[in-house]
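Listed below are the residues making up each chain.
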Amino acid sequence: MLGLIVRRLLQLPLILLAVYTLTLALAWAVPGNPLERPEGRRPPAEVAAAMRAQYKLDNFWAFYVSYLDSATGLRYFREHVLATDQKRSDAEGGPSIAPPAANRATPNRPIFDLGPSLHYRDQRVHEIIASSLPASMLVGGLAILLALLIGVPAGVASAARPNSWVDAATRLLALAGISIPSFVIAMALLLIFAVELGWLPVASWGGLAGLILPSFTLCLPFAAYITRLTRLGMLEQLGADYIRTARAKGVSNMGVLTRHALKNAILPVVSYLGPATAFAVTGSFVVERVFSIPGMGQHFVAAVQNKDLFLIIGVVLVYSSLLILLNLAVDVAYRWIDPRIE
């Protein structure tokens, strides 16, 4: 188990390097200039020229190397740690000089610097992500929890009575959850529970009531997929020999479903939870826009529209890191659920 975790963590920088290269190549190929958009940030010509020269916006490979230098912490190490050691070395033989704290870190320049936003004035990418990711994580995490609470029992109930009205209704609802767009579900829930009944706020962030509708809207497609995966897994396991043996020994129907079949049938669901959780946590643009959630999805769409290279790369790297780490958690969960899996 430890060897698996160590190998995956060692692979993480190489995967992120490949993701960064592909993302930058695609973003660079998009036509347009982020400093000259009429609806965005338009600094004076001399300022724009200085920014292009400072951030290497006119040369792909120069930008590629410069961004890696700052994002990996090499620039911080060279400019702060090595510079401080050099000052200490130069000061030998004289009075002891302690390096000030400002030389070690500054509030605007972290060790792993993801750069400034080219669209949002006076904001850096790590600040935007730090302020928006918690909101997306809260809504996405609650959505995945609701999807599990809805999807697993629905899939078990559907598989327990195949070809019954319960099975037909469950499959129909799962198909609807997958097929209906999120913005249609969001608007319908707003009209019913916020406008007509007045039970929940229309668009309010900061309280429990404001989390219910966006989390439920976001969870429905995931719940539908989990229902279908659970149903298929349960049907396969219920036809296995060990289930017939358990029934012959007098195990109750509920015991067969929960203690025997579900443990093996849940493995496809666990596998699906890795990418699903990463997608839900990093935010859904439609849900965030409808319910006015200050999450990361809106920033990513705005970054693509404005060709904000730093913000595009920063969000993609965060998403990729979450996806890799959550898939690693899935593999660890596999070993815990079924130790026979290598």
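Let me sum up the structure you'll find in this document. Predicted model only: the values in this text are computed from it and were never measured.

Remarks on unusual backbone geometry
At step 1: Residues other than glycine seldom take positive phi values, yet Asn163 does so here, at roughly 65 degrees.
At step 2: Among the secondary structure elements, Asn163 is positioned in the loop between helix H5 (125-160) and helix H6 (165-179).
At step 3: Of the residues examined, Asn163 reaches a relative accessible area of 71% and is grouped as exposed.
At step 4: At Lys307, a position not held by glycine, the phi torsion is positive, near 50 degrees.
At step 5: Looking at Lys307, the relative accessible area reads 12%, which means it is buried.

A word on the packing of helix H8 (residues 209-238) against helix H10 (residues 253-265)
At step 1: Two numbers describe how H8 lies on H10: the axes approach to 8 Å, and their chain directions differ by 110 degrees. Judged on the interaxial angle alone, H10 and H8 are roughly perpendicular. At the point where H8 passes H10, the crossing takes the right-handed sense. Residues Thr230, Gly233, Met234, Gln237 and Leu238 of H8 lie in contact with H10, whose contacting residues are Val256, Leu257, Ala261, Leu262, Asn264 and Ala265.
At step 2: Taken together, the residues of the contact of H8 with H10 sort by class into seven nonpolar, four polar and no charged.

Concerning helix H1 (residues 2-29)
At step 1: Its 28 residues give H1 an end-to-end C-alpha distance of 41 Å, which sits within 8% of 40 Å, the value for a rise of 1.5 Å per residue.
At step 2: In the structure, H1 departs most strongly from a straight axis at Leu12, where the bend amounts to approximately 35 degrees and where the proline Pro13 lies between one and four residues downstream.
At step 3: Those residues of H1 lying buried are Leu4, Leu12, Leu16, Tyr20, Thr23, Leu24 and Ala27.

Definitions and cut-offs
Residues numbered from 1 in each chain as written. Predicted model: local features only at pLDDT ≥ 70, side-chain atom pairs only at ≥ 80, totals over all residues. Heavy atoms only, no water. Helix = DSSP H or I, 4+ residues; strand = E, 2+ residues; numbered from the N terminus. Buried < 20%, exposed > 50% of the residue type's maximum accessible area, 1.4 Å probe, protein only. Axes fitted to C-alpha atoms, helices over the stretch in contact; angles between N-to-C directions. Parallel < 35°, antiparallel > 145°, perpendicular 65-115°, else oblique. Left-handed = near helix turned anticlockwise from the far one by under 90°. Contact = heavy atoms within 4.5 Å. Nonpolar A, V, L, I, M, F, W, Y, C, P; charged D, E, K, R; others polar. Expected span 1.5 Å × (residues − 1). Bend = angle between axes of the 7 residues up to and from the residue.

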